[in-house]
Each structure stands twice: as C-alpha cells, then as structure tokens.
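As a plain string of letters, each chain reads:
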Amino acid sequence: MPNRHEEPVLDLAVPVFNEEQDLEPNVRRLHAHLRDTFPYPFRITVADNASTDGTPRIATRLADELAEVECIRLPEKGRGRALRAAWSGSRAPVLAYTDVDLSTGLAALLPLVAPLISGHSDLAIGTRLAPGARVVRGPKREVISRCYNALLRCTLSVGFSDAQCGFKAVRRDVAERLLPLVRDGEWFFDTELLVLAERAGLRIHEVPVDWVDDPDSRVDILATALADLRGIARMRRARTRGRRTGSSAA
C-alpha cells in the first residue's frame with residue numbers, strides 16, 4: 001500500500017453540488033478502492049460548487065478523517081469551474097475526475113490513468129460507446145448520448161467516441177497548457193477540453209467502461225443539451241474564423 005504521506009501521483013477530483021446523500025458512502029467506497037488497489041500515492045479532492053445542503057459539512061468531515069481526502073468550496077455553481085479549481089491547485093502529475101454517483105465501474109480507474117503515468121498518452125477518457133463497454137441505462141439517455149457524440153463528429157470532426165462520460169484524466173503539464181483556453185465553466189467543459197486537445201495533436205487514450213445509469217441524477221437534460229449546442233456552435237465559429245485567418249483559434 002502507498003505511503004499516505006507521499007506526494008500524490010494521482011489527484012482525483014469529485015465535483016459535487018448538493019450531494020449530501022451520496023457523498024459520504026461513495027467517497028468512502030472510492031477511497032477504499034484506491035487504498036486497496038492503486039499502486040501509487042493518491043489524493044481525492046472533493047470539489048463543492050456552491051452546494052446549499054449539508055454537502056460542505058460532510059466533505060470537511062471526510063477530509064478531517066481520511067488523510068488522502070481534501071475538499072475545496074467554490075461560491076459559484078458549475079462542474080467545469082469545480083474541475084478547473086481542483087486541477088489548477090494540484091501538483092500531482094496526473095489529474096482526473098469521476099462523478100460522485102460512481103456510475104462508472106472503478107475497475108477502469110487504473111487502466112484510465114496508467115497510460116498517463118507512463119507517458120504514453122496525454123489525456124484519457126472512459127467511453128460507453130466503444131467495443132467492450134457494458135452499459136445499463138434507459139433508451140432516452142442512450143439516444144441522447146449517441147446523438148450528441150454523432151453531432152460532435154459531424155460539426156467539429158472529432159475522433160474520440162464519448163465526450164460526456166464523467167470519467168477522465170489528463171497529465172498536469174497538458175492541463176496547464178489547455179485550461180487557460182477552455183471557456184466553458186459548466187457541462188460543456190469536458191467536450192471543449194477534448195476538442196482543444198485533439199486539435200493540438202495530443203494523444204487521447206480511450207478505455208471502455210462498465211457504466212450503470214444513476215436513476216436519481218439531477219442533471220437537467222434539456223438545459224444541458226441547449227448549453228452543449230451553444231458550446232458546439234461557438235467552437236465551430238471559432239474554427240471557421242481560424243481557417244479564414246490562418247490562426248489556431250479554438
């Protein structure tokens with residue numbers, strides 16, 4: 001087992017907003033998994049973005065009790081803002097995040113980050129849309145996910161298969177390069193980061209995952225979809241302007 005006082009190789013962010021029911025059991029489960037199976041020092045950073053329930057109190061208690069858990073609190077809501085804050089403040093060589101509901105099977109965590117630790121890849125994503133993935137979710141969310149990723153391929157010519165899976169990792173030096181270019185602070189943050197990485201010629205490793213839909217998810221599908229469409233349109237316009245001027249505008 002890694003020495004808990006060593007500097008972490010992996011800093012795993014868990015962005016949360018009003019998650020007082022799921023936060024403690026799932027962070028404890030995540031911590032136990034890393035403690036028992038991960039061969040390097042690690043940190044879990046609970047990144048609370050403007051929760052109004054008991055989430056901040058629970059996060060603080062977990063950080064007091066578990067040496068490998070820290071927490072930060074942002075005054076403004078937004079998953080992208082939470083990830084930016086957690087990653088920007090870390091010195092770990094590999095930065096990652098997972099959704100607090102742990103819909104993605106944790107067995108994929110080491111395969112996700114190993115190529116980044118070795119230097120083989122620059123970013124890594126969990127994918128529910130590649131051969132080998134096993135997914136349990138309703139037909140509505142399945143159709144929305146596939147349509148969104150098809151839209152990305154048609155409009156932004158992306159090569160990665162799944163922009164929305166809440167299970168991603170990036171090398172810190174790559175994050176330091178890309179984060180200043182990412183404009184979105186909410187759900188489109190993931191997609192924008194990946195598009196910028198691909199346009200920069202960076203290596204994106206994909207890991208098929210086991211994924212079980214959270215029936216209690218608080219994500220507003222319609223509002224998120226509209227925000228994603230605005231983000232896609234913005235990046236498409238920027239790409240068109242870049243082609244006209246010969247620049248590399250995002």
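The following refers to the structure shown. These figures come from a predicted structure and were not determined experimentally.

Cut-off values and rules
- Residues numbered from 1 in each chain as written.
- Predicted model: local features only at pLDDT ≥ 70, side-chain atom pairs only at ≥ 80, totals over all residues.
- Heavy atoms only, no water.
- Axes fitted to C-alpha atoms, helices over the stretch in contact; angles between N-to-C directions.
- Helix = DSSP H or I, 4+ residues; strand = E, 2+ residues; numbered from the N terminus.
- Parallel < 35°, antiparallel > 145°, perpendicular 65-115°, else oblique.
- Left-handed = near helix turned anticlockwise from the far one by under 90°.
- Contact = heavy atoms within 4.5 Å.
- Nonpolar A, V, L, I, M, F, W, Y, C, P; charged D, E, K, R; others polar.
- Core = buried A, V, L, I, M, F, W, Y, C linked by side-chain atoms within 4.5 Å.
- Buried < 20%, exposed > 50% of the residue type's maximum accessible area, 1.4 Å probe, protein only.
- Patch = residues over 30% accessible without salt bridge, like charges linked within 9 Å, V, L, I, M, F, W, Y side chains within 5 Å.
- Areas by Shrake-Rupley, 256 points an atom, 1.4 Å probe, with all protein chains shown as cover.
- Salt bridge = Lys/Arg side-chain N within 4 Å of Asp/Glu carboxyl O.
- Arc of directions from axis to C-beta.

Next up on the list: the packing of helix H1 (residues 23-37) against helix H2 (residues 55-65). Geometry of a packed helix pair, given as the angle between the helix axes and the separation of the axes. The geometry of H1 relative to H2 is characterised by a closest axis approach of 10 Å and an angle of 30 degrees between their N-to-C directions. When the axis of H1 is compared with that of H2, the two are roughly parallel. The way H1 lies across H2 gives a crossing that is right-handed. Contacts between H1 and H2 involve Leu-23, Glu-24, Val-27 and Arg-28 on the former and, on the latter, Thr-55, Ile-58, Ala-59, Arg-61, Leu-62 and Glu-65. Of the residues belonging to the contact of H1 with H2, the class tally is 5 nonpolar, 1 polar and 4 charged.

Attention shifts here to the nonpolar core. Leu-10, Leu-23, Leu-34, Leu-112 and Val-113 are the most contacted members of the largest nonpolar core, which has 34 residues in total. Of all the secondary-structure elements, those providing two or more residues to this core are strand E1 (10-16), H1, strand E2 (42-49), H2, strand E4 (94-98), helix H4 (109-118) and strand E7 (167-171). Setting aside residues no more than four positions away along its own chain, Leu-10 makes contact with Leu-34, Phe-38, Pro-41, Phe-42, Arg-43, Ala-92, Val-94, Ala-96 and Val-113. Judged by nonpolar contacts, the second largest core, of 33 residues, contains Ala-82, Ala-175, Leu-193 and Ile-232.

Another point: a nonpolar patch on the surface. A cluster of nonpolar side chains, contributed by Leu-151, Leu-222, Leu-226 and Leu-229, occupies part of the molecular surface with about 350 Å² of accessible area. Element by element, the count of residues in the nonpolar patch is highest for helix H8 (residues 221-245), at 3 residues.

In this section: H2. By the burial criterion, the buried members of H2 are Thr-55, Pro-56, Ile-58, Ala-59 and Leu-62. Angular distribution of buried residues about the axis of H2 spans 165 degrees; they occupy a single face of the element. Turned more than 90 degrees off the buried face of H2, the exposed positions are Arg-57 and Asp-64. Here the buried face of H2 lies against E1, H1, E2 and strand E3 (69-74).

Here we take up the pattern of salt bridges. Under the defined criterion, the tally for this structure stands at 23 salt bridges. Here Arg-61 and Glu-24 are joined by a salt bridge, their closest N and O atoms 3.0 Å apart. Pair noted here: Arg-61 is in helix H2 and Glu-24 is in helix H1, with a separation of 37 residues, a long-range link. Between Arg-81 and Glu-186 there is a salt bridge, with its nearest N and O atoms 3.7 Å apart.

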